[in-house]
Each structure stands twice: as structure tokens, then as C-alpha cells.
Amino acid sequence: MGSGKTTVGKILSHVLGYSFCDSDTLIEQEVNGMSVAEIFKLHGESFFRKKETEVLQRLSSKKQLVVSTGGGAVVRDVNWDYMQKKGIVVWLDVPLEALAQRIAAVGTHSRPLLHYEDGDPYTKALKRLSYLLEQRGKNYAKANARVSLEGMYS
Ligand SMILES: Nc1ncnc2c1ncn2[C@@H]1O[C@H](COP(=O)(O)OP(=O)(O)O)[C@@H](O)[C@H]1O
Ligand SMILES: O=C(O)C1=C[C@@H](OP(=O)(O)O)[C@@H](O)[C@H](O)C1
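Residues numbered from 1 in each chain as written. Chains lettered and ligands numbered in written order. Predicted model: local features only at pLDDT ≥ 70, side-chain atom pairs only at ≥ 80, totals over all residues. Heavy atoms only, no water.

An unreviewed UniProt entry lists the protein chain under the name shikimate kinase, with Gossypium australe given as the organism. A UniProt comment under Pathway (unreviewed entry) is attached to the protein chain, and it reads "Metabolic intermediate biosynthesis; chorismate biosynthesis; chorismate from D-erythrose 4-phosphate and phosphoenolpyruvate: step 5/7." The Function (unreviewed entry) field of the UniProt record for the protein chain holds the comment "Catalyzes the specific phosphorylation of the 3-hydroxyl group of shikimic acid using ATP as a cosubstrate." (UniProt positions renumbered as here; feature names shortened; annotations may be inferred.)

This is how it looks when you write it as C-alpha cells:
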């Protein structure tokens, strides 16, 4: 969340002359234009994950496409089959403090997994992102390439 997948993905697609898509946006379109936050609230996370897998499956047959996935796409093994079928998976590994700063600047409203903690947006984001990284670190490490921004935010 907030690592720059959408921002960097759009630039990359432009440089490569590829199309770009954001899997969260496709999910929202499929669920009658509901936002990710509304989908989580109304249908729950497992419904969202099922839709995410369906979208990644559909995208897996496409060529010349840069996909910005949601940060949780790494948790389901089957998603890796789809993401790596024709694609190269790049992990944007940004220090948690920088992620929390970026998210705090725009607020946590659109990111439902950050609604659990108490405190100001920076503290909420930092706490939850630390927990998620502990849970997901091994999954992110399966990426074909890692771009680390360590040391760029001190
Ligand atoms: N390299 C960067 N340096 C500073 N801010 C960035 C960078 N990349 C993205 N951002 C900012 O961080 C926020 C989240 O970026 P976004 O591309 O939406 O991330 P993601 O798609 O991974 O959630 C946005 O406000 C964006 O402008
Ligand atoms: O990390 C996650 O589990 C999620 C990240 C979000 O996407 P971004 O990484 O684009 O914020 C979005 O898919 C959803 O809120 C769940």
C-alpha cells in the first residue's frame, strides 16, 4: 500500500509503450463501481480476494501490459501462477515510515485494512503496515525483481 505501484506502473507502461491497468480499479468496475473500501465493508475481505484472483486470471493471458496489483495480491498462491504466467513481478520495497507518510498525506479512508488501529493516520498506517509486512514478507520475496528504496528516506 502506497509503495508507488500505480504511480510507477503508469510511468513504466508509458516508457515501454505498453498498456496499463490497476487490478483494484477492475475489481471496482466489476462490483458495480463500488470502491474497494465499500466492497470490504459490504462483502468482506474474502469476497474481495476472490474477485482479485478472477481479475488476475483474466489479465494473465494479456501481453504488453503493466499491472498495478493491490498490495495483498501476494497472499494467495494461485495469484502467483497468474501473475508469473507471462509476467515479471516487481516488488517495490519502500521503508514502512515512508509508506506511512505517503498514506497519511492522503488519509486512510480508501485503504480498509488500515482502519483497525487507533491513532492519527501516520501511526495507524505504520502499525498495520508493520504487521502486514511480518505476515507477507515471505510472499513479497517471491517476486522476480525487487526495487529497494532503503536508505532513501533517512
Ligand atoms: N516515488 C515516490 N516518491 C514519493 N511519493 C510517491 C512515490 N510514488 C508514489 N508516491 C505517492 O504515494 C502515494 C501512493 O502512491 P500509489 O502509486 O497510489 O501507490 P500504490 O498504488 O502502491 O498504493 C501517492 O500519493 C503518490 O503520489
Ligand atoms: O494490501 C492489501 O491487502 C490491499 C491493498 C490495496 O491496494 P494498494 O496496495 O494499491 O493500496 C487494496 O487492494 C486493498 O485495500 C487491500
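(A) Summary view of helix α4 (residues 45-59). Here α4 spans 21 Å end to end across 15 residues, near enough to the 21 Å set by a 1.5 Å rise per residue. Of all the residues in α4, the buried ones are Phe48, Arg49, Lys51, Glu52, Thr53, Val55, Leu56 and Leu59. The elements touched by buried residues of α4 are β1 (19-22), α2 (23-30), α3 (36-43), β2 (65-68), α5 (77-83) and α7 (121-140). (Helix = DSSP H or I, 4+ residues; strand = E, 2+ residues; numbered from the N terminus. Expected span 1.5 Å × (residues − 1). Buried < 20%, exposed > 50% of the residue type's maximum accessible area, 1.4 Å probe, protein only. Contact = heavy atoms within 4.5 Å.)

(B) Layout of the packing of aromatic side chains. Taken as a whole and judged by the stated rule, the model has two aromatic pairs. With centroids separated by 5.8 Å and ring planes inclined at 15°, the aromatic side chains of Trp91 and Tyr140 adopt a geometry described as stacked. Here Trp91, found in strand β3 (residues 90-93), pairs with Tyr140, found in helix α7; they are 49 residues apart in sequence, far enough to count as distant. The residues Trp91 and Tyr140 share a single accessibility class, namely buried. If you follow Arg146 out to its NZ or CZ, it ends over the ring of Trp91, 5.4 Å from the centre. (Phe/Tyr/Trp six-rings, centres within 6.5 Å; stacked < 30°, edge-to-face > 60°. Lys NZ or Arg CZ within 6 Å of the ring centre and 35° of its normal.)

(C) Structural view of the packing of helix α6 (residues 96-106) against α7. Look at α6 against α7: their axes get within 8 Å of each other, and the N-to-C directions meet at 135°. By the angle between their directions, the pair α6 and α7 is classed as oblique. Note on packing geometry: the crossing formed by α6 with α7 is right-handed. From α6, Leu96, Glu97, Leu99, Ala100, Gln101, Ile103 and Ala104 reach across to α7, where they touch Pro121, Tyr122, Ala125, Leu126, Leu129, Ser130 and Leu133. Here the contact of α6 with α7 is composed, by residue class, of eleven nonpolar, two polar and one charged. (Axes fitted to C-alpha atoms, helices over the stretch in contact; angles between N-to-C directions. Parallel < 35°, antiparallel > 145°, perpendicular 65-115°, else oblique. Left-handed = near helix turned anticlockwise from the far one by under 90°. Nonpolar A, V, L, I, M, F, W, Y, C, P; charged D, E, K, R; others polar.)

(D) Representation of unusual backbone geometry within the structure. With a phi angle near 55°, Asn32 is a residue other than glycine that sits in the positive phi range. One can find Asn32 in the loop between α2 and α3. Even without glycine at this site, Gln64 takes up a positive phi of about 50°. Note that Gln64 resides in the loop between α4 and β2.

(E) Looking closely at the pattern of salt bridges. Here the structure, examined in full by the defined rule, presents ten salt bridges. One salt bridge in this structure joins Glu30 and Arg58, with 2.5 Å as the shortest N-O distance. In this pair, Glu30 is assigned in helix α2 and Arg58 in helix α4, connecting sequence segments 28 residues apart. The exposure class of Glu30 is partly exposed, given its relative accessible area of 30%. With relative accessibility at 42%, the residue Arg58 sits in the partly exposed group. Among the charged side chains, a salt-bridge network with shared partners connects Glu30, Lys50, Lys51, Glu54 and Arg58. (Salt bridge = Lys/Arg side-chain N within 4 Å of Asp/Glu carboxyl O.)

(F) Structural detail: the site of ligand 1. Neighbouring residues of ligand 1: ten residues in total, closest Gly2, Lys5, Thr6, Thr7 and Arg111. A distance of 2.9 Å is found between an oxygen atom of ligand 1 and a side-chain nitrogen or oxygen belonging to Lys5. In a pocket analysis with a 2 Å cut-off to the grid points, ligand 1 is assigned to the second largest pocket. Considering every element that reaches the shell around ligand 1, the biggest residue donor is helix α1 (residues 5-16), with three residues. Class assignment for the residues of the shell around ligand 1 results in two nonpolar, five polar and three charged. (Near = heavy atom within 4 Å. Polar contact = N/O pair within 3.5 Å; in protein donor to acceptor, adjacent residues only side chain to side chain. 1 Å grid on protein atoms, 1.4 Å probe; cavity = no way out; pocket = protein on both sides within 12 Å on 5 of 7 lines; lining within 4 Å. Sits in = over half its atoms within 2 Å of the grid points.)

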